[in-house]
Amino acid sequence: MITDSTLFNTIIATLPSFEQVEDFDRESIFTELLDFSKTQSTQEDIFKMYFEYNKYKKILHFLRVGDIILAEYNLKYIADKKIEYSNSRSAICMESLYSPVVAYYYYKKKDYENADNNLKTAYAKFDVLYQQGYKNVVFNFVEQKINEFRIFIHTGEIDKALWIIETLVTNIISQDGFYHFDCNFRAVCLSEAELVSYLNYLFDICSAYLLINKHTLRKNEEVAISFIDQMLRVLVVPVKDEVNTQLLMTFKGLEMIYRQADMDFFTMIVNLPAELLNKNTCNSFAYIFYKTIVERLYNSDSQLYEEAILFFKSTKKSKVYSLFIQRLLQDEKLRKVPVTANSL
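### Quick word on the nonpolar core
Grouped together as the largest cluster of nonpolar side chains are 118 residues, with contacts concentrated most on Phe 185, Phe 203, Phe 227, Phe 251, Tyr 258, Ile 288 and Tyr 290. A total of 10 residues in this core trace back to one element, the largest contributor, which is helix α7 (residues 137–154). Once you skip the residues sitting within four places of it in the chain, Phe 185 turns out to touch Val 138, Phe 139, Val 142, Asn 171, Ile 172, Phe 178, Leu 195 and Tyr 198.

Below is the structure:
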């Protein structure tokens, strides 16, 4: 029998494992490209590459904070500057970074057609880099595939967005090839932990668009169910390993929650807590699982609910707090705010 106490103890037992999550630097792409081009680059080329990259970072910052005017000013500056390099490799390295920046500019302007066109240009640049020997360009490829997913979400083409994710996950977990590249994505990763980090990065983004709506879970909604069903199909592969097996179990847990079979989920989480909640569980899925348990405690045992909230609050100074607990506590704070006529 599943009791509130066993669910509470599940929180206590599993939360510390998230302190073991490894961090991977996703801002190292430029450093890698610089290293890749150094055999052909002059000191002047390297200086220009740094200069151009810093401009790209500024543009991305302005776009993220919504300052389109300053972003446009810097884009025009780069276009007018017409920076030239002494070799084609340095040029193609910087072009491979430039096209995604321009794509993001159009994305923020809601000009999704031009955003998509610039992503296609980026893919062509990636192919050239790969042919020249830069294998890590597959990571750039994954990043832009995720941006392609975002574009389809915003154009309302949900089936295409889901297809992008299905194809991407299939290729990432494949033990054969990766899209049209003659490599295995798993083999390019430095470790299994890095592979998991890319999958989790992808799933966290998907969750924001498909599984979570602000402070609520999109239970029983068609788009959420479709995504989960799709991932369950993808993960049932002939060759299984630890990563695939755990992801399959995780999505089975999500299926129970989103099809509102909460008792089945509680049985699963109590019997297999370490399998569902551990350092390899992505932040958004951990948030969903803990949120579901907290909801149960709120409705059935106020004392254990308050103890659970205090336990989550006690992690404030730890790394795990910023991963998902802060958001979970904000949800619970909003739950306690009385609804008034002015808030409607």
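Continuing now.
### Focus: the environment of Tyr 105
Structurally, Tyr 105 can be placed in helix α5 (residues 88–108). Sequence separation between Tyr 105 and Gly 66 is 39 residues, and the spatial gap between their C-alpha atoms is 10 Å.

### Looking at the state of the cysteines
If you walk through the whole model with that rule in mind, you get 0 disulfides. Here Cys 93 is not cross-linked by a disulfide; its sulfur's nearest cysteine counterpart is in Cys 183, at 17 Å. Classification of Cys 93 by relative accessible area gives buried; the value is 0%. Free of any disulfide, Cys 282 has its nearest neighbouring cysteine sulfur in Cys 206, separated by 9.3 Å.

### Some thoughts on the packing of helix α3 (residues 43–64) against helix α4 (residues 68–81)
At a minimum axis distance of 8 Å, the contact between α3 and α4 shows a crossing angle of 160°. Taken together, α3 and α4 sit at an angle that is classed as roughly antiparallel. Handedness of the α3/α4 crossing: left-handed. Here α3 contributes Phe 51, Glu 52, Lys 55, Tyr 56, Lys 58, Ile 59, Phe 62 and Leu 63 to the contact with α4, which in turn contributes Ile 68, Leu 70, Ala 71, Asn 74, Leu 75, Tyr 77 and Ile 78.

### What to know about the pattern of salt bridges
For the coordinates displayed, the defined rule picks out 17 salt bridges. Across the pair Asp 80 and Lys 76 runs a salt bridge, and its minimum N-O distance is 2.7 Å. Highlighted residues: Asp 80 and Lys 76, both in helix α4, separated by 4 residues, approximately one helical turn. Among the salt bridges present, the one from Glu 221 reaches Arg 218, with a minimum N-O distance of 2.8 Å. Take Glu 221: its relative accessible area is 32%, and that puts it in the partly exposed class. Three or more residues joined by partner-sharing salt bridges are found here, namely Asp 229, Glu 255 and Arg 259.

### Describing the environment of Ala 308
Tracing the sequence through the fold places Ala 308 in helix α16 (residues 302–313). Residue Ala 308 is classed as buried on the basis of its relative accessible area, which comes to 0%. Put simply, Ala 308 and Met 268 are 40 residues apart on the chain and 20 Å apart in space, counted from C-alpha to C-alpha.

### Describing α5
Its 21 residues place the ends of α5 30 Å apart at the C-alpha level, agreeing with the 30 Å of an ideal helix rising 1.5 Å per residue. By the N-cap criterion, in which a side-chain oxygen at the helix start approaches the backbone nitrogen of a residue two or three places on, α5 is capped by Asn 87, the distance to Arg 89 being 3.1 Å.

### Thoughts on the packing of α7 against helix α8 (residues 158–173)
It is the contact of α7 with α8, at a shortest axis distance of 7 Å, that shows an interaxial angle of 160°. When the axis of α7 is compared with that of α8, the two are roughly antiparallel. The hand of the α7/α8 crossing is left-handed. Side by side, α7 and α8 meet where Val 142, Lys 145, Ile 146, Glu 148, Phe 149, Phe 152 and Ile 153 of the first sit next to Ile 158, Lys 160, Ala 161, Ile 164, Ile 165, Leu 168 and Ile 172 of the second.

### Focus on empty space enclosed by the protein
Vacant regions in the atomic arrangement are exposed by a probe of water-molecule size rolled over the atoms. One pass over the full model with this rule turns up 1 cavity of 30 Å³ or more. Taken as a whole, the largest cavity holds about 130 Å³ of empty space. Surrounding the largest cavity, 13 residues form its lining, Val 196, Val 243, Gln 246, Leu 247 and Asn 280 being those nearest its centre. When residues of the lining of the largest cavity are traced back to their parent elements, those giving at least two are α10 (192–210) and α12 (242–258). Sorting elements by how many residues they give to the lining of the largest cavity places α12 first, with 5 residues. Considering only residue class, the lining of the largest cavity consists of 6 nonpolar, 5 polar and 2 charged.

Definitions and cut-offs
Residues numbered from 1 in each chain as written. Predicted model: local features only at pLDDT ≥ 70, side-chain atom pairs only at ≥ 80, totals over all residues. Heavy atoms only, no water. Core = buried A, V, L, I, M, F, W, Y, C linked by side-chain atoms within 4.5 Å. Buried < 20%, exposed > 50% of the residue type's maximum accessible area, 1.4 Å probe, protein only. Helix = DSSP H or I, 4+ residues; strand = E, 2+ residues; numbered from the N terminus. Contact = heavy atoms within 4.5 Å. Disulfide = S-S within 2.5 Å. Axes fitted to C-alpha atoms, helices over the stretch in contact; angles between N-to-C directions. Parallel < 35°, antiparallel > 145°, perpendicular 65-115°, else oblique. Left-handed = near helix turned anticlockwise from the far one by under 90°. Salt bridge = Lys/Arg side-chain N within 4 Å of Asp/Glu carboxyl O. Expected span 1.5 Å × (residues − 1). Polar contact = N/O pair within 3.5 Å; in protein donor to acceptor, adjacent residues only side chain to side chain. 1 Å grid on protein atoms, 1.4 Å probe; cavity = no way out; pocket = protein on both sides within 12 Å on 5 of 7 lines; lining within 4 Å. Points joined across faces, edges and corners; volume = space filled by probe spheres on them. Nonpolar A, V, L, I, M, F, W, Y, C, P; charged D, E, K, R; others polar.

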